[in-house]
Amino acid sequence: MTILQLVFLATAAVTLVAALMVVVSPRMVHAALWLILALAGVAVLFVLLEAGFLGIVQVAVYIDAIAILIIVTVMLTQRAMGEGGRQVNRSWLWAALAAIVLFGGLLLMLSQAPGSATVATPLAADAEATVEDLGRALVDVDRYVLPFEVASVLLLAALIGAIVVARPSTEARREGRQP
Amino acid sequence: MSDPFGAIGGWLMGLLQSLGLEAGPARFILQFAAAGFLATILLLSTLFTIWAERKIIARMQDRLGPNRVGPFGMLQSVADLVKLVTKEVIIPAGADKLVYMIAPLLVVTSVVAIWAVVPLAPKLIGSDVNVSVLYIISVGSIGTLGIMLAGMSSNNKYALLGAFRTVAQMLSYAVPMILSLLVPTLLAGSMGTVAIVEQQRAVPFFLLAPLAAVIFFISSLTEVGRAPFDLAEAESELVAGFHIEYSGLSFGMFFVAEFLHAFTIGALTATLFLGGWQGPGVEQFPLLGLPYFLLKTLAVYFLLIWARATFPRVRIDQLNSLNWKFLTPLALAVLVVSAVTDKLASELGWNRILANLAGEGVIVVGALMGLWAYARSLRRRQESLRAQVTPSRATGAS
């Protein structure tokens, strides 16, 4: 067993435990913190797969966003810092059953997929080229320029929507009230 | 000697292997030790930078500064360190214990981790990641998280307010910072710091994009949270902000992280805009790169101290309007203009420096005119308001 495998196993275990704690933890803020650990674990997995770019983007996008999530949690919910209510309700058994069935189905499908038994060969291309390919693919007319632009427009719409929601209504402004 | 640091690494590797280790674990231990060495040196260097900063600020404010312990008071920070270490770490009642203890560690880690991608000299770098610029941004965001956790877990209203301010401030200033970081990226054609430094052999990017350098400098001042942007710990409003409840070594970690972060900003500016270790004679003697890099870093660090010593703290509304109404549009304009002029210059064979400087000049003139128009409209509005409030005096005066 190489050091790389040891690191992988440790990371995977930490990620899974953290993911479990996200849903089990009674305090909302703690759940958000466990979520950070789970996402960081995924970032480490990306790095182990030699996809450093994805790992770093994972940290930049998700972990940064969680700081905001925590603020919103604290500001918008009552007793966010304290214990919440009970962690399970009456249908927890059915939910667990559905989750197990889904997991088993996915496992079955993946194990029957071609090439699942063989060990994947490492990619020969160096990482620099991968990032460059990604950049070119996003602006290539034949490849992903349309989804990329549509996603940008969606984000722009969300941005404008946030401003529209946050602006005071026209009556309020006519009366000279400040937001 | 073309590669002295590689030679040292090779010698240590040989030493470990002669002790009976295989190549894989030996490399692992070596990398671990090198990282630990760099981090220790960095953390210890704050002993010097804290002393230097206190001394410089004292001189600027016509004081003497530390002058009792050791020659020129140089050992003052050592005495402070001993005091901090021996003090009790107090955990306030109702605090979230584990989170409370982890927060300062996160903040220190995020600052030290940035140094993994800073090239100190030719071939002397922690890890030549090809997306270093992104790495710097994402690691910096972990520090924000640490401050947020510190404020939240302290069970103190002032700490929470300080943390909220920090997050608002850091997130909004991340926009112009990332935009200004894109300029050296596109000038060098790579996101790796090593490639960025290599590309500055002929001309440092500061001469090609001075505006981007200034925007990066200002927005990183905010990221460190130092005066004039130290709203997160504004003493007169929040007592001490997010670290109000911390004592002993856990406060010392925030303290060290802040000073080291300021030094790191110097190093990043030197790497991205001033050419890093580039300098005369580096080709023959790679060891010269280290002093060059340190000199540039310290020069930027001095600017940082200067700003801290001379500017009053901004208000939160001034902070936000400076960012959203001025720096962000400016950074967008710089990015677009740099992209176009640099491409045109290389396609049409213009002088690269002149073309880029001309582009920046156009932006500066535009920004100044915009500011002038804005100030005039502000003055007009104020005059009309004054006329409404006291109509008799306003008419009398005119």
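Note: the structure precedes this text.
Residues numbered from 1 in each chain as written. Chains lettered and ligands numbered in written order. Predicted model: local features only at pLDDT ≥ 70, side-chain atom pairs only at ≥ 80, totals over all residues. Heavy atoms only, no water.

### Side note on the overall build of chain B
Looking only at helices and strands, one finds 15 helices and zero strands in chain B. Taking all 398 residues of chain B together, 46% fall into the buried category. When contacts within chain B are restricted to residue pairs at least 6 apart in sequence, long-range pairs at least 24 apart make up 73% of them. Within chain B, one finds 27 positive and 22 negative side-chain charges whose respective centroids are separated by 9 Å. (Helix = DSSP H or I, 4+ residues; strand = E, 2+ residues; numbered from the N terminus. Buried < 20%, exposed > 50% of the residue type's maximum accessible area, 1.4 Å probe, protein only. Contact = heavy atoms within 4.5 Å. Lys, Arg positive; Asp, Glu negative; His and termini not counted. Charge placed at Lys NZ, Arg CZ, Asp CG, Glu CD.)

### A word on the overall build of chain A
Looking only at helices and strands, chain A features seven helices and zero strands. Along chain A, helices and strands appear, N-terminal first, in the series α-α-α-α-α-α-α. The buried share of chain A, taken over its 179 residues, is 17%. Counted over contacts in chain A with a minimum sequence separation of 6, partners at least 24 positions apart contribute 48%. Accessible surface, chain A: about 13,600 Å² in total, of which carbon and sulfur atoms supply 72%. (Areas by Shrake-Rupley, 256 points an atom, 1.4 Å probe, with all protein chains shown as cover.)

### Quick word on helix α13 (residues 316–348) of chain B
Residue and element names in this part refer to chain B. With 33 residues, α13 extends 46 Å between its outermost C-alpha atoms, agreeing within 8% with the 48 Å of an ideal straight helix rising 1.5 Å per residue. Where α13 bends most, at N323, the angle is about 35 degrees. Looking only at α13, the buried set comprises L319, N323, L327, T328, L330, A331, V334, L335, S338, T341, D342 and A345. Buried residues belonging to α13 abut α6 (157–188), α9 (210–224) and α14 (352–389). G349 lies just past α13 and shows a positive phi near 75 degrees. (Expected span 1.5 Å × (residues − 1). Bend = angle between axes of the 7 residues up to and from the residue.)

### Focus: the nonpolar core
As a rule of thumb, nonpolar side chains are buried together in soluble globular proteins. By size, the foremost hydrophobic cluster in this structure holds 95 residues, and its most contacted members are I70 of chain A together with W115 and V118 of chain B. The element contributing the most residues to this core is helix α5 (residues 132–153) of chain B, with 12 residues. Contacts of V118 of chain B, omitting those with residues within four sequence positions, involve L124, I125, A267, L268, T271 and F293 of chain B. (Core = buried A, V, L, I, M, F, W, Y, C linked by side-chain atoms within 4.5 Å.)

### Description of the side chain of T328 of chain B
All names here are of chain B. Within the fold, T328 resides in helix α13. Classification of T328 as buried rests on a relative accessible area of 9%. When sequence neighbours within four positions are dropped, the list of residues in contact with T328 reads V175, P176, L179 and N323.

### Overview of the packing of aromatic side chains
Residues and elements named next belong to chain B. Enumeration over the complete set of coordinates arrives at nine aromatic pairs over all chains. Between F216 and F273, the aromatic rings sit 5.9 Å apart at their centres with planes inclined by 45 degrees, giving tilted as the arrangement. Of this pair, F216 sits in helix α9 while F273 is found in helix α11 (residues 248–273), placing the two residues 57 residues apart along the sequence. Taking relative accessible area as the criterion, F273 reaches 0% and is therefore assigned buried. When the ring of Y246 is compared with that of F254, the centres are 4.9 Å apart and the planes differ by 80 degrees; the resulting orientation is edge-to-face. We classify F254 as buried; its relative accessible area is 4%. The rings of Y100, Y246 and F254 are connected pair by pair, giving a single aromatic cluster. The ring of W372 carries R376 above its face, with NZ or CZ at 4.8 Å from the centroid. (Phe/Tyr/Trp six-rings, centres within 6.5 Å; stacked < 30°, edge-to-face > 60°. Lys NZ or Arg CZ within 6 Å of the ring centre and 35° of its normal.)

### What about the environment of F72 of chain B?
Residues and elements named next belong to chain B. Inspection of the secondary structure assignment puts F72 in the loop between α2 (23–60) and α3 (76–86). A relative accessible area of 62% means that F72 is categorised as exposed. It is 9.0 Å that separates the C-alpha atoms of F72 and K55, two residues lying 17 residues apart in sequence. Beyond its immediate chain neighbours, meaning those up to four positions away, F72 contacts W51, K55, P66 and N67.

### Looking at unusual backbone geometry
Residues and elements named next belong to chain B. Positive phi outside glycine occurs at D62, with the angle close to 65 degrees. With respect to the helices and strands, D62 occurs in the loop between α2 and α3. Under the relative-accessibility criterion, D62 is labelled exposed at 72%.

### A look at the interface of chain B and chain A
On the side of chain A, 23 residues touch chain B, which itself brings 21 residues to the contact. For the pair chain B and chain A, the summed buried area comes to about 1,900 Å², and 81% of that belongs to carbon and sulfur atoms. Considering only the surface of chain B that becomes buried against chain A, N130, L145 and M152 of chain B emerge as the three largest contributors, covering 26% of it. Summed over the shared surface of chain B and chain A, the number is zero salt bridges. Put simply, chain B and chain A have zero residue pairs in polar contact (both at pLDDT 80 or more) between them. Within the residue set of the side of chain B that touches chain A, elements represented by two or more residues are α2, α5 and α6 of chain B. Sort the elements by how many residues they give to the side of chain B that touches chain A and α5 of chain B lands first, with nine residues. The residue inventory of the side of chain B that touches chain A, partitioned by class, reads 16 nonpolar, four polar and one charged. (Buried area = accessible area lost by both parts, 1.4 Å probe. Salt bridge = Lys/Arg side-chain N within 4 Å of Asp/Glu carboxyl O. Polar contact = N/O pair within 3.5 Å; in protein donor to acceptor, adjacent residues only side chain to side chain. Nonpolar A, V, L, I, M, F, W, Y, C, P; charged D, E, K, R; others polar.)

### Concerning the packing of helix α1 (residues 3–24) of chain A against helix α2 (residues 28–48) of chain A
For any two helices packed against each other, one specifies the inter-axial angle together with the distance between the axes. Residue and element names in this part refer to chain A. Here α1 crosses α2 at 155 degrees, and the two axes come no closer than 8 Å. Taken together, the axis directions place α1 and α2 in an arrangement best described as roughly antiparallel. For α1 against α2, the interelement crossing comes out left-handed. The segment α1 lies against α2, with L4, V7, F8, T11, V14, T15, A18, A19, M21 and V22 engaging A31, W34, L35, L37, A38, G41, V42, V44, L45 and L48. (Axes fitted to C-alpha atoms, helices over the stretch in contact; angles between N-to-C directions. Parallel < 35°, antiparallel > 145°, perpendicular 65-115°, else oblique. Left-handed = near helix turned anticlockwise from the far one by under 90°.)

### Looking at the pattern of salt bridges
Residue and element names in this part refer to chain B. One pass over the full model with this rule turns up four salt bridges over all chains. For D80, the salt bridge is made with R54, and the minimal N-O distance between the two is 3.2 Å. Taken together, the positions of D80 in helix α3 and R54 in helix α2 put the pair 26 residues apart, joining distant regions of the chain. Take D80: its relative accessible area is 25%, and that puts it in the partly exposed class.

### Structural notes on a nonpolar patch on the surface
A grouping of I3, V7 and V44 of chain A together with L21, F28, I29 and F32 of chain B is seen on the molecular surface, where their side chains present a nonpolar patch of about 560 Å² in accessible area. Relative to the helices and strands, V44 of chain A is located in helix α2. Classification of V44 of chain A by relative accessible area gives partly exposed; the value is 35%. (Patch = residues over 30% accessible without salt bridge, like charges linked within 9 Å, V, L, I, M, F, W, Y side chains within 5 Å.)

### Focus on the packing of α2 of chain B against α11 of chain B
All names here are of chain B. Relative orientation of the contacting elements α2 and α11 amounts to 80 degrees, with a least axis distance of 9 Å. As far as their axial angle goes, α11 and α2 are roughly perpendicular. Listed contacts from α11 to L42, L43, S45, T46, T49, I50 and E53 of α2 are F255, V256, F259, L260 and F263. Each residue belonging to the contact of α2 with α11 can be placed in one class, and the counts come to eight nonpolar, three polar and one charged.

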